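# Residue-level structural notes
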Amino acid sequence: MKLDLVEKFQKTARQEKYEVINALMVYKLKKGDYVYNHVQRMKRYVECLERLNVNFDEELVIDMVLKFLLPCYHQFIMAYHLNNTGTILAQLHNLLRTTESGMKKNQSPTSTNAPVITIAQNKGKKMKGGPKQN
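These lines cover the structure that appears in this document, whether it is placed above or below. Just so you know, these numbers come straight off a predicted model, no measurement behind them.

Even without glycine at this site, Asn53 takes up a positive phi of about 65°. Tracing the sequence through the fold places Asn53 in the loop between α2 (35–51) and α3 (58–67).

Membership of the largest hydrophobic core comes to 29 residues, with the highest contact counts inside it found for Phe56, Leu66, Leu69, Leu92 and Leu96. Of all the elements in the fold, those that place two or more residues in this core are α1 (2–26), α2, α3, α4 (74–83) and α5 (89–106). Per element, the largest residue contribution to this core is 7 residues, and it comes from α2. If sequence neighbours within four positions are ignored, Leu96 has contacts with Val35, Val39, Val65, Leu69, Tyr73 and Phe76.

On to the packing of aromatic side chains, then. By the definition in use, this model includes 2 aromatic pairs. Summarising the aromatic geometry, the rings of Tyr27 and Tyr45 are spaced 6.3 Å apart at their centres and angled 70° between planes, so their arrangement reads as edge-to-face. Of this pair, Tyr27 sits in the loop between α1 and α2 while Tyr45 sits in helix α2; the two residues are 18 residues apart in sequence, bridging distant segments of the chain. Ring centres 6.3 Å apart and planes at 25° place the aromatic pair Phe76 and Tyr80 in the stacked group.

This paragraph deals with the side chain of His93. Along the chain, the position of His93 falls in helix α5. Judged by relative accessible area, which is 6%, His93 ranks as buried. If near-sequence neighbours (up to four positions away) are discounted, His93 is found in contact with Tyr36, Val39, Gln40 and Lys43.

Turning our eyes to something else, we now look at the packing of α2 against α3. Closest axis-to-axis distance for the α2/α3 pair is 10 Å, and the angle between their directions is 140°. As summarised for this structure, α2 and α3 are arranged oblique, according to the angle between their axes. Along this stretch, α2 crosses α3, giving a crossing that reads as right-handed. The residues of α3 that touch α2, namely those facing His38, Val39, Met42 and Val46, are Val61, Met64 and Val65.

Calculation notes
- Residues numbered from 1 in each chain as written.
- Predicted model: local features only at pLDDT ≥ 70, side-chain atom pairs only at ≥ 80, totals over all residues.
- Heavy atoms only, no water.
- Helix = DSSP H or I, 4+ residues; strand = E, 2+ residues; numbered from the N terminus.
- Core = buried A, V, L, I, M, F, W, Y, C linked by side-chain atoms within 4.5 Å.
- Buried < 20%, exposed > 50% of the residue type's maximum accessible area, 1.4 Å probe, protein only.
- Contact = heavy atoms within 4.5 Å.
- Phe/Tyr/Trp six-rings, centres within 6.5 Å; stacked < 30°, edge-to-face > 60°.
- Axes fitted to C-alpha atoms, helices over the stretch in contact; angles between N-to-C directions.
- Parallel < 35°, antiparallel > 145°, perpendicular 65-115°, else oblique.
- Left-handed = near helix turned anticlockwise from the far one by under 90°.

Okay, here's the thing in C-alpha cells:
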C-alpha cells in the first residue's frame, strides 16, 4: 500500500513538473502586457518548480526572464548584459519596470516605430562675419 502511494505521488509530481516547465517555456510577454505581470508569473513558475525540488540558479531565472521579453526590449537586454554587476531578480524587475514606464512615456498614440531622419538646421544659411581666418 505504501509503495503504491509513493509511486502515484512520484508520477503526479513528475507530471506537475512537466506541466509547469512546459508553461514556463512557452510563456512570453505579449505586446500590450505589463512587464510587471510577466516577471511575477515567471517567478511563480520558478517557485512552483522549487517546491517540486527543481532548483534554478538565479542567473538562469534572469536569463529566462530576459529571453521571453519582446523585441522592443533588445536594447535594454544588451545594456543589461554590458553593465551586469550581479543583479538579483528583484533588481531586474525594478529595472524592467522603469524601462517600461520610460518606453510608454516616449510613445505617442500616433507614433510608429519607423526610423526618424534628422536634418541639420544650419544647412544652406550664410554665416555672419565671413569665413574663419587662421
